[in-house]
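Spelled out from the first residue to the last, the chains are:
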Amino acid sequence: MIPEIGQFALSIALCLALLQGVMPLAGAQLGRSDWMAVAQPAARGQFLFVVIAFGCLTYAFIVHDFTVLYVWQNSNTALPLHYRISAVWGGHEGSLLLWALVLTAWTFAVTLFSRSLPAEFRARVIAVMGLVSIGMLLFMLATSNPFERVFPAPAEGRDLNPLLQDPGLVVHPPMLYMGYVGMSVAFAFAIAALLGGHLDAAWARWSRPWVTAAWVFLTIGIMLGSWWAYHELGWGGWWFWDPVENASFMPWLVGTALIHSLAVTEKRGAFKNWTVLLAILAFSLSLLGTFLVRSGVLVSVHAFANDPARGIYILMFLTVVVGGSLLLYAWRAPRVGSGGTFEPISRETALLVNNILLVVAAATILLGTLYPLFLDALGLGKISVGPPYFAAVFVPLMLPLVFLIGVGPLARWKQARIGELAYRLRFVLIAAIALGMLVPLTVAGMNTILVAVGITLGAWATISAIVNLAAYVQRAHRPWPRALAGIPRGIYGMTCAHLGIGVFIVGVTLTSAFEVERELRMAPGDATELAGFAFQFHGVRQVEGPNYMARQGRFEVTREGEAVATLRPEKRIYRVQTSPMTDAAIDSSFFRDLYVALGEPLDRGAWGVRLYYKPFVQWLWLGPLMMALGGLLAASDRRYRVTARQHAGLRGDAASVPTSTAPSPGGA
Amino acid sequence: MIRYLLPATVFVVLVVFLAVGLNRDPTRVPSPLIDKPAPTFALPLLKNPDQTLTHRDLQGEVSLINVWASWCGGCYEEHPILVALARSHQVPIYGLNYKDQRAKAMEWLEEYGDPYAAIAFDENGRVAIDWGVYGAPETFVVDRQGIIRYKHIGPLTAEVVQDTILPLVSRLQDG
């Protein structure tokens with residue numbers, strides 16, 4: 001009964017999505033406010049019914065209702081409760097349902113926080129999101145119904161893919177989807193603006209907090225995915241340039257570009273066409289990512305069921321949504337006009353170059369990801385594009401980008417002087433180079449050109465972010481505590497995010513340069529030394545998990561005779577899906593991780609063992625967390641809330657943003 | 001206007017490629033070993049470690065080589081098909097027991113039936129590497145001259161056996 005309610009709720013949600021997608025759009029075109037008024041209740045109702053559907057599926061998992069095909073495929077009576085709940089999005093159908101849930105949740109949020117927008121614009125935004133939702137719900141009901149039944153009911157389920165039974169995977173997909181799908185808000189704003197012909201600074205200002213919020217989720221989602229790979233795949237890597245990873249990274253890069261170009265559009269009225277195109281592209285890449293993951297056109301470690309009918313549907317959906325919006329863009333954009341002018345040396349230029357680098361980076365990743373598909377389609381053979389390609393094209397693009405982190409925020413809008421910038425940044429440059437020379441020597445006792453460059457860049461990003469903040473304090477002409485308090489959150493957000501990039505670069509550099517890895521055979525009682533730590537192997541014993549058997553090794557780690565950690569890596573065999581899984585044991589600290597993974601059992605109780613010493617590896621996740629925190633600060637800047645409250649006006653707003661020379665856009 | 005159509009044009013090209021790509025299976029990597037002599041090997045038998053099975057034993061008769069292990073779920077899935085095929089006596093099936101434990105493998109055969117003419121015990125997977133095995137189960141068809149003619153990755157299904165493997169085997173037996 002409950003699954004039928006779920007399916008019924010989905011059908012009602014589809015009807016509401018149709019209403020929400022069509023009526024307000026027609027109303028905005030014909031100037032009928034009664035039709036436009038449909039948008040909000042339809043969107044909220046749709047959210048409610050998708051929540052009901054999601055709740056029904058979750059319930060089916062909790063009570064082990066194996067008459068539901070999807071539950072049978074992805075659960076088991078021995079599966080612990082938290083994994084039964086995360087199993088709801090562990091397979092194809094459920095992850096689509098999550099997608100739809102997230103989309104309707106964002107739409108619901110838009111109905112809550114957009115009261116100050118002009119009625120027509122608001123109606124169009126909600127309608128566009130409704131149109132996207134129609135596509136997703138139809139996809140689910142037509143090809144991937146999560147509530148499909150199987151009779152007679154099987155006694156036992158086939159269990160969740162063991163790779164997905166990990167705490168990281170409980171939260172990774174929802175975060176990622178919040179990011180992916182959150183880009184639909186910026187997309188809807190862009191389409192609404194193109195339809196209405198009002199691409200102006202106000203549009204940019206309305207879009208900014210939404211884009212930033214989606215970007216925060218995307219950042220955290222990608223970070224969790226990387227953290228999961230590091231923990232669960234058992235060979236110490238954290239990024240593999242796998243097609244599915246790339247699929248999430250491309251919208252992130254374009255979203256990052258969009259955040260920066262929106263700043264220009266809002267403050268200076270420039271780059272309007274470009275910004276609107278980026279908003280379309282960011283969401284298009286999210287959809288493309290969904291297509292790549294769900295259709296099985298590419299080989300990936302993320303094994304999902306391949307079904308050509310589903311692939312064709314998503315491809316059609318993609319064609320309609322992306323193709324339609326790009327045509328709309330081609331039709332409307334020529335009339336938008338280019339906005340404020342600027343000199344070659346200015347903050348606008350710095351941000352333009354930032355955008356070009358980020359978009360080119362996304363394009364090269366797209367090319368590398370799809371290249372095997374292109375060649376295969378042209379009958380030129382099967383190849384795979386691996387990390388060497390991505391490292392070779394991606395890293396060089398990032399070098400000038402990091403350099404711009406230092407320059408851009410200090411450069412004035414419209415026209416800046418090289419001399420002044422050089423004067424302000426001279427000590428930063430000297431300090432960064434000095435650190436690049438010295439830090440590796442103190443950390444690892446050696447240095448190479450690559451490491452020196454990496455640390456210099458990381459230090460440059462970090463120090464210049466602080467210097468930039470100091471410049472704001474200086475310009476405020478107030479005692480520094482009051483000046484600090486007066487700086488808007490947006491600036492703190494930017495500083496925090498740029499600091500995060502510095503931290504991340506330092507982490508990547510030191511981890512990849514100075515990690516020590518050893519693969520060896522260890523019998524019980526054997527000891528070995530790695531980077532000054534002594535690892536003693538105390539053998540393997542059987543342990544039993546709720547739905548798996550594991551052989552658990554014990555390693556005592558000491559340093560100069562003092563106990564550091566006890567590590568217990570496991571080799572698990574899940575009872576139902578019998579493939580062996582590696583569960584690495586990691587002792588983390590701020591400056592290094594010790595990582596032990598069991599390989600294959602050898603003769604007489606000995607095991608193949610992989611040991612890693614990974615300096616600064618936690619910084620790889622600390623950096624993105626700081627970026628996300630920065631995004632959070634920026635998205636919650638009070639000027640957006642001021643704009644949201646229609647009549648609060650813009651008092652003190654422009655004044656608190658010393659760089660803003662543009663006339664403040666009308667709030668409503 | 002033309003300039004603004006560029007993104008849409010690029011997108012159309014992309015969609016064409018994606019559409020073509022949908023109809024191809026990216027996981028089908030042709031094995032470089034097809035139409036090449038089976039790699040040489042000599043392994044102890046699973047049931048009788050004193051005797052060995054070598055590549056020479058595969059010559060003179062068309063045969064199937066099935067890579068399996070007791071820990072492998074896909075092997076469990078395809079096992080009834082192998083047992084039925086063995087009963088029909090159309091073609092001998094040799095097993096390559098892959099990264100397994102002797103006792104567990106024997107137990108497994110006792111429980112589910114033994115379709116194999118002989119089983120080589122490849123404890124550390126070294127021979128499987130030579131054969132280009134990347135996971136169990138995999139099944140090879142080897143002709144009379146000991147040349148690999150076909151490779152199936154993943155569990156055998158009744159359709160694969162009926163439509164592909166048996167026709168190929170009878171062609172090779174006649175030829």
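Check the entry above for the structure.
Criteria and cut-off values
- Residues numbered from 1 in each chain as written.
- Chains lettered and ligands numbered in written order.
- Predicted model: local features only at pLDDT ≥ 70, side-chain atom pairs only at ≥ 80, totals over all residues.
- Heavy atoms only, no water.
- Helix = DSSP H or I, 4+ residues; strand = E, 2+ residues; numbered from the N terminus.
- Rg over C-alpha atoms; globule rule 2.2 N^0.38 Å.
- Buried < 20%, exposed > 50% of the residue type's maximum accessible area, 1.4 Å probe, protein only.
- Contact = heavy atoms within 4.5 Å.
- Areas by Shrake-Rupley, 256 points an atom, 1.4 Å probe, with all protein chains shown as cover.
- Lys, Arg positive; Asp, Glu negative; His and termini not counted.
- Charge placed at Lys NZ, Arg CZ, Asp CG, Glu CD.
- Salt bridge = Lys/Arg side-chain N within 4 Å of Asp/Glu carboxyl O.
- Pairing = 2+ DSSP bridges.
- Axes fitted to C-alpha atoms, helices over the stretch in contact; angles between N-to-C directions.
- Phe/Tyr/Trp six-rings, centres within 6.5 Å; stacked < 30°, edge-to-face > 60°.
- Patch = residues over 30% accessible without salt bridge, like charges linked within 9 Å, V, L, I, M, F, W, Y side chains within 5 Å.
- Parallel < 35°, antiparallel > 145°, perpendicular 65-115°, else oblique.
- Left-handed = near helix turned anticlockwise from the far one by under 90°.
- Disulfide = S-S within 2.5 Å.

Participant: Explanation requested: the overall build of chain B in the structure shown.
Facilitator: Secondary structure summary: chain B contains five helices and seven strands in total. Against the compact-globule benchmark of 16 Å for 175 residues, chain B has a radius of gyration of 20 Å, which places it well outside the compact range. Principal-axis analysis of the C-alpha atoms gives chain B an extent of 80 × 40 × 30 Å. Counting every position in chain B, which comprises 175 residues, the buried fraction comes to 49%. Excluding contacts between residues fewer than 6 apart, the proportion of contacts in chain B whose partners are at least 24 apart in sequence is 71%. Total accessible area computed for chain B in this model is approximately 9100 Å², and 55% of it derives from carbon and sulfur atoms. In chain B, which carries 15 positive and 20 negative side-chain charges, the distance between the mean positions of the two groups comes to 9 Å.

Participant: It is not clear to me how the pattern of salt bridges should be interpreted in this structure. Could you clarify?
Facilitator: A side chain of one charge can pair with a side chain of the opposite charge if their charged atoms are brought near each other. Residue and element names in this part refer to chain A. Summed over the entire model, instances satisfying the criterion amount to 21 salt bridges over all chains. Across the pair lysine 614 and glutamate 515 runs a salt bridge, and its minimum N-O distance is 2.5 Å. Of the two residues, lysine 614 is situated in strand β10 (residues 607-615) and glutamate 515 in the loop between α18 (489-514) and β1 (516-522); the sequence distance between them amounts to 99 residues. The class for lysine 614 is buried, based on a relative accessible area of 2%.

Participant: I'm lost on the sheet that holds strand β9 (residues 592-601) of chain A in this one. Help?
Facilitator: Residue and element names in this part refer to chain A. The strand order β1-β10-β9-β8 describes an open sheet built from four strands, whose pairing is antiparallel. Every interior strand has two partners, whereas the edge strands, β1 and β8 (585-588), have only one. Between one strand axis and the next, the sheet turns through 15° on average, direction left out of account. Alignment of β1 against β10, held across seven bridges, turns out to be antiparallel. Following the sheet pairing, glutamate 517 is matched in β10 by tyrosine 612. In the packing of α18 onto the sheet, contacts are made with β1 and β10, and the angle to β10 comes to roughly 140°.

Participant: Can you help me understand the packing of aromatic side chains in this one?
Facilitator: Two aromatic rings are characterised by how far apart their centres lie and by the angle between their planes. Residue and element names in this part refer to chain A. Tallied over the full model, the rule gives 41 aromatic pairs over all chains. The interplanar angle of 10° and the centroid separation of 5.3 Å between the aromatic rings of phenylalanine 403 and tryptophan 460 together place this pair among those described as stacked. Of the two residues, phenylalanine 403 sits in helix α14 (residues 387-407) while tryptophan 460 sits in helix α16 (residues 449-476), which places them 57 residues apart along the sequence. Classification of phenylalanine 403 as partly exposed rests on a relative accessible area of 42%. Residue tryptophan 460 is classed as buried on the basis of its relative accessible area of 4%.

Participant: Quick question: what am I supposed to make of the environment of B:Cys72 here?
Facilitator: Residue and element names in this part refer to chain B. Inspection of the secondary structure puts cysteine 72 in the loop between β3 (63-68) and α2 (73-87). Given a relative accessible area of 4%, cysteine 72 falls into the buried group. Residues cysteine 72 and tyrosine 94, 22 residues apart in the sequence, show an inter-C-alpha distance of 17 Å.

Participant: Even after reading the chapter, I still don't get a nonpolar patch on the surface, so can you show me in this structure?
Facilitator: Residues and elements named next belong to chain A. A surface patch of nonpolar side chains, about 840 Å² in accessible area, is lined by Met1, Ile2, Ile5, Leu48, Ile52, Tyr59, Ile62, Val63, Leu81 and Ile85. Taken together, the elements giving at least two residues each to the nonpolar patch come down to α1 (2-30), α3 (39-62) and α5 (81-86). Tallying contributions element by element places α3 first for the nonpolar patch, with four residues. In this structure, leucine 81 sits in helix α5.

Participant: Explanation requested: the packing of α2(B) against helix α3 (residues 102-112) of chain B in the structure shown.
Facilitator: The description of two helices packed together rests on the angle between their axes and the distance between the axes. All names here are of chain B. Where α2 contacts α3, the two axes come as close as 11 Å, and the packing angle between them is 55°. Here α3 runs oblique to α2, going by the angle between their axes. The interaxial crossing formed by α2 with α3 has right-handed handedness. In this structure, α2 contributes Cys75, Tyr76, His79 and Val83 to the contact, and α3 contributes Trp108, Leu109 and Tyr112.

Participant: For this particular structure, what's the right way to read the state of the cysteines?
Facilitator: Note on terminology: disulfide describes a covalent bond linking the sulfur atoms of two cysteines. The tally for this structure, following the rule as stated, stands at zero disulfides over all chains. Note on A:Cys15: no disulfide assigned, nearest cysteine sulfur contributed by A:Cys56 at a separation of 17 Å.

Participant: I'm lost on unusual backbone geometry in this one. Help?
Facilitator: Among all residues save glycine, negative phi is the norm, and among peptide bonds the norm is trans. Residue and element names in this part refer to chain A. Proline 152 follows phenylalanine 151 through a cis peptide bond whose omega is -5°. You can see proline 152 is positioned in the loop between α7 (119-143) and α8 (167-196). In this structure, tryptophan 241 takes a positive phi of about 55° despite not being glycine. With respect to the secondary-structure elements, tryptophan 241 resides in the loop between α9 (201-232) and α10 (243-268). Positive phi values are uncommon outside glycine, yet alanine 531 reaches one of about 50°. Checked against the element boundaries, alanine 531 lands in the loop between β2 (527-530) and β3 (533-544).

Participant: Could you clarify how one ought to interpret the packing of α1(A) against α3(A) in this entry?
Facilitator: All names here are of chain A. Taken N-terminus to C-terminus, the directions of α1 and α3 make an angle of 160°; their axes are 8 Å apart at the nearest point. It follows that α1 is roughly antiparallel to α3 by the angle criterion. Between α1 and α3 lies a crossing whose hand is left-handed. Side by side, α1 and α3 meet where Ile2, Ile5, Gly6, Ala9, Leu10, Ile12, Ala13, Leu16, Ala17, Gln20 and Pro24 of the first sit next to Ala39, Ala42, Ala43, Gly45, Gln46, Phe49, Val50, Ile52, Ala53, Cys56 and Tyr59 of the second.

Participant: Sorry, what's going on with the sheet that holds strand β6 (residues 138-142) of chain B here?
Facilitator: Residue and element names in this part refer to chain B. With mixed pairing, five strands are arranged side by side in an open sheet as β5-β4-β3-β6-β7. Because the sheet does not close on itself, it has two edges, and the strands there are β5 (118-122) and β7 (148-153). On average, each strand axis in the sheet is inclined to that of its neighbour by 20°, with strand direction left out of account. Summarising the sheet, β3 and strand β4 (residues 93-98) pair through five bridges and their orientation is parallel.

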